[in-house]
Structures are given as structure tokens and as C-alpha cells.
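# Commentary on secondary and tertiary structure
Each chain is listed here by its residues.
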Amino acid sequence: GEEVAQTPKHLVRGEGQKAKLYCAPIKGHSYVFWYQQVLKNEFKFLISFQNENVFDETGMPKERFSAKCLPNSPCSLEIQATKLEDSAVYFCASIHRNTHGDTQYFGPGTRLTVL
Amino acid sequence: AQSVTQLDSQVPVFEEAPVELRCNYSSSVSVYLFWYVQYPNQGLQLLLKYLSGSTLVKGINGFEAEFNKSQTSFHLRKPSVHISDTAEYFCAVTPPPGDYKLSFGAGTTVTVRA
């Protein structure tokens, strides 16, 4: 597709429950990024993939967060045992790697509310 | 590592007035610079980007930005705003070749009043 798709739009979980978010990058884009936007403003990088390989995971909280990008499937971000502070909007972005600079195209986001 | 400072957290402006949003960055390497806009409850949309070449960059919706290497700035301007420009604006940087994460500023809320 021509847009980054994210599902679901909204997700509500009780503290301690699992949350799983999905991202379908733009067709032909080989890099996928996940960001967390807390308190409406601050964007925090979580992880990026080059195809199905982890490219940069320096922002991932190792204990409860995991992510995958498998061939022919949407990418996923999973949070085990959610905490109140995980409440945020999670954005996915993708780029088509070329030699002249890449624009990250963002999806509409998934709003996670942990109660 | 890169960091971005957006100097104004909120900018109220009247319709048809000009607006400037300030962005300064810090980096030990050269960077690509971006301005994104976020309308309420939506994702980020690219306004413009600077990769190299001319330091004055024109983007969508009448916005432009100027890269100033000596002042490490990338300020965004629009000569005449509309009510529809009310949104959150984010400055972001990433080192070439552009497949690395974006580092974002804290955002500037622009509120356009009639």
C-alpha cells in the first residue's frame, strides 16, 4: 500500500496484561521504525528493522518489550505485562532506502491506554 | 549522538500573520534535518527536509525553512498562516545516509486565531 497502516487504532489494557500492536509498512520499504509518543509531545525511538533483521534496538526496554518483522506479515510490537507508564501513542514509520536521504513515512499510530 | 531543541513550546498567532518556529540542533556529525506537522489525533506528516545543497528549503502548504550551519539552526517560517495550520510542529534530525533513527525536538504548538 501507499500508506503505513497501523492496527488497532486504540487499545485498552489492564495493568499486567499483554498488548500487541501491528504495523504494515509501505510496499517496497525495507526499513521500519517504532516510536513511542508520551504526553503528546515527546517522541522516543524504540527499535528499527531492516527487512526482518533488527537494525537498531538501543531504545527498547529489554524486559517487557519485543518486536518482530517477519516476511509477508505485518511487523509487531508486543508489550508483556503492561504498566501504567506504557500508556502512549505508538507510531510506526517506514523508509525506502536510497542514496539521497530518506523520509520516514509515519502511520496514524496506536493509542495504548493502560488502566 | 544528536539532540534537537525547539525554542518555543507554544506560539499563538493571528490568521494571515507570519510565523517562525525555531529549531537548533547539536551533532558531532553532519545531519539531515526535517520538519514534521502533527494535526490533532493524527500521525506525522513531512513538511520539508534539508539534505544538502541550497540552504533555503521550500515545503508543502507554503512553509519554508533555512539551514544555518554556523548557528546549527533550521528555523521554519510561513509568511501568512491559516486557521488550518493549527497543529503541533516537530523538528527532527538524523545522520546520513538517513536509515538511522530520528531524534525529535519537544514540539511547538501553533494556535492560529481569527
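Cut-offs used in this document
Residues numbered from 1 in each chain as written. Chains lettered and ligands numbered in written order. Predicted model: local features only at pLDDT ≥ 70, side-chain atom pairs only at ≥ 80, totals over all residues. Heavy atoms only, no water. Helix = DSSP H or I, 4+ residues; strand = E, 2+ residues; numbered from the N terminus. Rg over C-alpha atoms; globule rule 2.2 N^0.38 Å. Buried < 20%, exposed > 50% of the residue type's maximum accessible area, 1.4 Å probe, protein only. Contact = heavy atoms within 4.5 Å. Areas by Shrake-Rupley, 256 points an atom, 1.4 Å probe, with all protein chains shown as cover. Salt bridge = Lys/Arg side-chain N within 4 Å of Asp/Glu carboxyl O.

Attention now moves to the overall build of chain A. Helices and strands together make up the secondary structure of chain A, namely zero helices and 11 strands. Reading the secondary structure of chain A in the N-to-C direction produces β-β-β-β-β-β-β-β-β-β-β. Taken over C-alpha atoms, the radius of gyration comes to 14 Å for chain A, in line with the 13 Å a tight globule of 115 residues would show. Its C-alpha atoms give chain A principal-axis dimensions of roughly 45 × 25 × 25 Å. The proportion of buried residues among the 115 residues of chain A is 47%. Summarising the internal contacts of chain A: among those between residues at least 6 apart in sequence, 52% fall at separations of at least 24. If you sum the accessible surface of chain A, you get close to 6000 Å²; carbon and sulfur atoms cover 51% of it.

Residue placement: Val12(A) occurs in strand 2 (residues 10-13). Distance in space between the C-alpha atoms of Val12(A) and Ser87(A) is 9.1 Å, their sequence separation being 75 residues.

All names here are of chain A. If you walk through the whole model with that rule in mind, you get eight salt bridges over all chains. With its nearest N and O atoms 3.5 Å apart, the salt bridge here joins Lys18 to Glu78. You can see Lys18 sitting in the loop between strand 2 and strand 3 (19-24) and its partner Glu78 sitting in strand 8 (residues 75-79), a full 60 residues away along the chain. Here Lys18 falls in the partly exposed class, since its relative accessible area comes to 46%. Residue Lys20 is joined to Glu78 by a salt bridge in which the shortest nitrogen-to-oxygen separation is 3.8 Å. Taken together, the positions of Lys20 in strand 3 and Glu78 in strand 8 put the pair 58 residues apart, joining distant regions of the chain. Taking the relative accessible area as the measure of exposure, Lys20 reaches 32% and is therefore partly exposed. Residue Glu78 is classed as buried on the basis of its relative accessible area of 13%.

Purely geometric stuff here, so don't read any function into it on its own.
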